[in-house]
Amino acid sequence: MVAYSIGLDFGTEEARAMLLDMKGNVLASSSFTYPHGVMDRTLPDGSPLESNFALQHPQDYMEALDRIIPAVLEGIDPRRVIGIGVDFTQCTMMPVDAAGRPLCLLEGFEGNPYAYVKLWKHHGGQPQAEKLTAVARERQEPFLDQCGGIVYAESMFPKILETLEKAPEVYEAAGAFIELADWTTFYLTGSRRRSRSIASAAALWHGERGYPDEAYFEAVNPAFAGVVKDKLSQDLVVVGDPVGYVSREMAERLGLVEGTPVAAGLGDSHAAFVGAGLAEQNVLLTVMGTSSCDMLVSEKEIPIPGLYGISYDSILPGQFGYEAGQATMGDLFQWFAETCVPESYLEEAKRRELPLFDYFNELAKKQLPGENGLLALDWWNGNRSVLLDADLTGLMLGMRTNTRPEDLYRAFTEALTFGKRRIVEQFEDWGIPIRELYATGGVAMKNPFLMQMFADALGIPVHLSASDNGSCVGSAIYGASAAGPEHSGYASLTDIVHGMGVTVSRSFQPDAGLKPRYDKLYEEYKILYDYFGTDNLVMKRLQDLRRQ
């Protein structure tokens, strides 16, 4: 019997499903755009939100499942679906009641922003992240080695602590706080078991030590002491293993077969690594969408400062997954298109029948690195690596009255490239050489100009994945693994990765002639990076004024 696996990928703007056979062929795909989108100004009832908020509505995820799973099953015998995998943006989390129902859907909580989903880029918990970091340093907590020395605002505990301190009634009412990858598997199966990958990558869980101890959380806030035992689950499942099985209710609702294995969920960037067909060490994958996540696996656990996380069993069993990244990527291009492009440029691109950024790429290609006299910092959504500070902001230096939109665009692409190079250098400085860079995601697929710039400025080959959604493919791989060798036909998860992962569609080789110019410009970038990132905290003081 021909076997299939379903991959579910929940992104920032939409959810996607893919149906794959055991050779990695995509037989069907479907997507669903969230009706509520990203709520960063108001709740559905019009209640205003504070700055740095980024919320979502769980009803969107449930509606997505109702749409995308039946769509990929159309004309397919559901008995042939041997497994399902789930990935989600990380860390995206929400409070639920004792029965696992989202609090924001319950009477009395509809107008409370802290009862909703906090999206990965919700930065309202930056003050709490700083408090968690300061106490951890005072106590010399060992977990600091696995989170780059800083508890980052996008991770789990700052978001929970923010709720405790800003909306204690929500904290008290919550039977649990749960990442959405774990909640989705619960919704499909009814199993309250959670993913070891999720706990390790975003909630400071360690394979030997477990979660940070109660005394640490009590030192942060006495009311926070029981957060692990009261609000989290410690029944954790290894990636590639089943976390549960499709319930009768969900099988009837979605057209699945009751008892179909559902793999332990994980972050979208983690799934993308195996989706790209990667299981090797010293290869960096960058997942380029709204933001950018950089993934690498190694048998070694090295406490590299400034990384978002070093997590055990998070991508491949028995190995450490390293995660870094940039908090803006596609977001920056979208902001540029909405705020920096005159009507005349839009008209010219339309006249030439070119997508807007293809037109800008043509203009930017005519310039050499540094020719326009501009230099930018890529912190429009804060810095994810290696400063781990959500309060840092964007910067453009060198503008004049004759600065043109294409000059700004090129400076933005160079800033994103240099941010990536800074991450690569951090790995290499701490003993993990990067031989090659692989790229996946919508931005990578749509912008070959940026991919070539990566190769030229980093001086290493850049390989583009043949799929624009490696995360969805990766989730399908984990779904096949959850089914077991007798159903998938593969002896191990690594074998499935090599058998089902996507291939390279295009490679970009570095132009050695441009490297010296990029090197000079990058040295100036690092000066700005260090000055505004650590020496002069004017950006953080401005953020403090916004909060007053």
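It should be emphasised that the depicted structure is a prediction, and the values quoted were computed from it without experimental measurement. (Residues numbered from 1 in each chain as written. Predicted model: local features only at pLDDT ≥ 70, side-chain atom pairs only at ≥ 80, totals over all residues. Heavy atoms only, no water.)

Glancing now at the overall build of the protein. Broken down by element type, the protein carries 21 helices and 22 strands. Computed over its C-alpha atoms, the radius of gyration of the protein comes to 23 Å, within 12% of the 24 Å expected for a compact globule of 548 residues. Each of the three principal axes of the protein carries a C-alpha extent, and together these read 65 × 55 × 50 Å. A total of 548 residues make up the protein; the buried ones form 63% of that total. Summarising the internal contacts of the protein: among those between residues at least 6 apart in sequence, 74% fall at separations of at least 24. Here the protein has roughly 20,400 Å² of accessible surface; of this, 48% comes from carbon and sulfur atoms. Side-chain charges of the protein comprise 47 positive and 74 negative groups, with the mean position of each set lying 3 Å from the other. (Helix = DSSP H or I, 4+ residues; strand = E, 2+ residues; numbered from the N terminus. Rg over C-alpha atoms; globule rule 2.2 N^0.38 Å. Buried < 20%, exposed > 50% of the residue type's maximum accessible area, 1.4 Å probe, protein only. Contact = heavy atoms within 4.5 Å. Areas by Shrake-Rupley, 256 points an atom, 1.4 Å probe, with all protein chains shown as cover. Lys, Arg positive; Asp, Glu negative; His and termini not counted. Charge placed at Lys NZ, Arg CZ, Asp CG, Glu CD.)

Interhelical geometry of helix 11 (residues 330–339) versus helix 14 (residues 405–429) gives an angle of 170° and a closest axis separation of 11 Å. By the angle between their axes, helix 11 is roughly antiparallel relative to helix 14. Across the interface between the two elements, Leu 332, Phe 333, Trp 335 and Phe 336 from helix 11 touch Pro 405, Leu 408, Tyr 409, Phe 412, Thr 413 and Leu 416 from helix 14. Considering only residue class, the contact of helix 11 with helix 14 consists of nine nonpolar, one polar and no charged. (Axes fitted to C-alpha atoms, helices over the stretch in contact; angles between N-to-C directions. Parallel < 35°, antiparallel > 145°, perpendicular 65-115°, else oblique. Nonpolar A, V, L, I, M, F, W, Y, C, P; charged D, E, K, R; others polar.)

Moving on, we get to the pattern of salt bridges. Taken as a whole and judged by the stated rule, the model has 31 salt bridges. For Asp 66, the salt bridge is made with Arg 253, and the minimal N-O distance between the two is 2.8 Å. Taken together, the residues Asp 66 in helix 1 (residues 58–73) and Arg 253 in helix 9 (residues 248–254) connect sequence positions 187 residues apart. Overall, the relative accessible area of 28% leaves Asp 66 in the partly exposed class. Glu 414 is paired through a salt bridge with Arg 410; the nearest N and O atoms lie 2.8 Å apart. Of this pair, Glu 414 and Arg 410 both sit in helix 14, four residues apart, roughly one helical turn. Judged by its relative accessible area of 3%, Arg 410 falls in the buried class. One salt-bridge network, held together by shared partners, links Glu 130, Asp 389, Asp 391, Lys 540, Asp 544 and Arg 547. (Salt bridge = Lys/Arg side-chain N within 4 Å of Asp/Glu carboxyl O.)

Tracing the backbone shows Ser 197 in helix 6 (residues 196–202). Owing to a relative accessible area of 0%, Ser 197 belongs among the buried residues under this scheme. Once residues within four sequence positions are removed from consideration, Ser 197 is found in contact with Val 237, Val 239, Gly 265, Leu 266, His 270, Asp 313 and Ser 314.

Of all the six residues making up strand 14 (residues 283–288), six are buried; the element is thus mostly covered by neighbouring parts of the structure. Every second residue of strand 14 is oriented toward a common face, with Val 283, Leu 285 and Val 287 on one face and Leu 284, Thr 286 and Met 288 on the other, all of them buried. Across five bridges, the pairing between strand 14 and strand 20 (residues 436–440) is parallel. Of the residues in strand 20, the one forming a bridge with Leu 284 is Leu 437. Here strand 14 runs beside strand 15 (residues 292–298); their pairing, made up of four bridges, is antiparallel. By the bridge assignment, Val 287 is partnered in strand 15 with Cys 293. As consecutive antiparallel partners, strand 14 and strand 15 are separated by three residues. (Pairing = 2+ DSSP bridges.)

Across the chain, the bulk of peptide bonds are trans and the bulk of non-glycine residues have phi less than zero. Residue Cys 91 follows Gln 90 across a cis peptide bond; omega there is 0°. If you trace the backbone, Cys 91 turns up in the loop between strand 5 (81–88) and strand 6 (93–96). The amide bond that connects Ser 385 to the next residue, Val 386, takes the cis arrangement and shows omega of 10°. Here Val 386 shows up in the loop between strand 18 (375–377) and strand 19 (395–397). Its identity as a non-glycine residue notwithstanding, Gln 140 has a phi of 55°, on the positive side.

Remember, this is a structural readout, not a statement about activity or role.
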